[in-house]
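# Chain and residue survey
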Amino acid sequence: MWTANDRSKRFYEATKTDQRNDFERDRDRILYSTAFHRLAGITQVVRAGEQEVFHNRQQHTLKVAQVGRRLAQRCIDEYPKFASVIDAEVVEAACLAHDLGHPPFGHVGESLLDQLVSGDDQDGFEGNAQTFRILTTLALRFPEHNGLNLTRATLAATLKYPWLRDRKDKNKTFKWSAYFTADCVASLTEKEVVGMYGRLYGTSDSSVLDPIVR
């Protein structure tokens, strides 16, 4: 079990502090990232600007974040014993981040991108793994290093699947949490990816996700 200090650790030491706590800074960094702004131009079916009113991924994400935060607050109010492990800021940050790697045109676009790059890249393409890559590598905020340098708690909260891609395992072929490449697993090891799921759900057996993956 992580301690409070473990949860707030960052891969790079924080150089500045202000009135916000560690998780509030995570939430704000994601909200003001260029990847979050780009979600306004991503849709499931139509192209951005085709209609006067349509639901884009940014609108969807803001609603997910609002619901996630309220659920976290409700859990804390009704089950005070979980207040030390549930943080509304972390939940909202994870909700804001959950679609950053989502390509245009939903899972059809995701599948096509995977087909296009798999020949040259063993990792292929997957929206959740791309989200983790954006958070840890592609996002630009600091001149000293890449990524948003989020806390371990927030990074853990963004992980949906307790595995990396394994083309030999049909349950780990279509959805996974992070790429193998070093720039993405630098912040969390594969063991931690699996371990986090175990701490959350009481098991490290990835087969419990089979119905969801299929």
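Scroll up to find the structure.
Values in this document were obtained by computation on a predicted structure and should not be read as measured data.

Calculation criteria
Residues numbered from 1 in each chain as written. Predicted model: local features only at pLDDT ≥ 70, side-chain atom pairs only at ≥ 80, totals over all residues. Heavy atoms only, no water. Axes fitted to C-alpha atoms, helices over the stretch in contact; angles between N-to-C directions. Helix = DSSP H or I, 4+ residues; strand = E, 2+ residues; numbered from the N terminus. Parallel < 35°, antiparallel > 145°, perpendicular 65-115°, else oblique. Left-handed = near helix turned anticlockwise from the far one by under 90°. Contact = heavy atoms within 4.5 Å. Nonpolar A, V, L, I, M, F, W, Y, C, P; charged D, E, K, R; others polar. Polar contact = N/O pair within 3.5 Å; in protein donor to acceptor, adjacent residues only side chain to side chain. Buried < 20%, exposed > 50% of the residue type's maximum accessible area, 1.4 Å probe, protein only. Salt bridge = Lys/Arg side-chain N within 4 Å of Asp/Glu carboxyl O. Core = buried A, V, L, I, M, F, W, Y, C linked by side-chain atoms within 4.5 Å.

### Details of the packing of helix H2 (residues 22-31) against helix H5 (residues 88-97)
For the pair H2 and H5, interaxial distance at closest approach is 8 Å and the crossing angle is 20°. Comparing the axis directions of H2 and H5 gives the class roughly parallel. The handedness of the crossing between H2 and H5 comes out as left-handed. Seen from H2, the contacting residues are Phe-23, Glu-24, Asp-26, Arg-27, Ile-30 and Leu-31; seen from H5, they are Glu-89, Val-90, Glu-92, Ala-93, Leu-96 and Ala-97. For the contact of H2 with H5, the class distribution of residues is 7 nonpolar, no polar and 5 charged.

### Some points on the side chain of Glu-126
On the secondary structure map, Glu-126 appears in the loop between helix H6 (106-118) and helix H7 (127-138). In terms of polar contacts, Glu-126 uses its side chain to reach the backbone amide nitrogen of Asn-128, at 2.6 Å.

### Concerning the packing of helix H4 (residues 57-78) against H5
Running from N to C, H4 and H5 cross one another at 160°; their axes reach a closest spacing of 8 Å. Here H4 is positioned roughly antiparallel relative to H5, judged by the angle of their axes. The hand of the H4/H5 crossing is right-handed. Mapping the contact onto sequence places Thr-61, Leu-62, Val-64, Ala-65, Gly-68, Arg-69, Ala-72, Gln-73 and Ile-76 in H4 and Ala-88, Glu-89, Val-91, Glu-92, Cys-95 and Leu-96 in H5.

### Focus: unusual backbone geometry
Of note, the phi angle at Asn-149 is positive, near 55°, even though the residue is not glycine. Looking at the secondary structure, you find Asn-149 in the loop between H7 and helix H8 (152-158). Given the relative accessible area of 8%, Asn-149 is considered buried.

### Overview of the pattern of salt bridges
Tallied over the full model, the rule gives 16 salt bridges. With a closest N to O distance of 3.7 Å, Asp-22 and Arg-10 form a salt bridge. Of the two residues, Asp-22 sits in helix H2 while Arg-10 sits in the loop between helix H1 (4-7) and H2, which places them 12 residues apart along the sequence. A relative accessible area of 13% places Arg-10 in the buried class. Where salt bridges share partners, they join Arg-10, Asp-18, Arg-20, Asp-22, Arg-25, Asp-26, Arg-27, Asp-28, Arg-69, Glu-89 and Glu-92 into one cluster.

### Quick notes on the nonpolar core
Ile-30, Phe-36, Leu-96, Leu-100, Leu-135, Leu-148 and Leu-150 are the most contacted members of the largest nonpolar core, which has 22 residues in total. At the level of elements, H2, helix H3 (34-38), H5 and H7 are the ones that each hand at least two residues to this core. The element best represented in this core is H5, accounting for 4 residues. Contact partners of Ile-30, with chain neighbours within four places excluded, come to Phe-36, Ala-93, Leu-96, Ala-97, Leu-100, Leu-135, Leu-148, Leu-150 and Thr-154. By size, the runner-up hydrophobic cluster in this structure holds 6 residues, among which are Phe-125, Ala-129, Tyr-161 and Trp-176.

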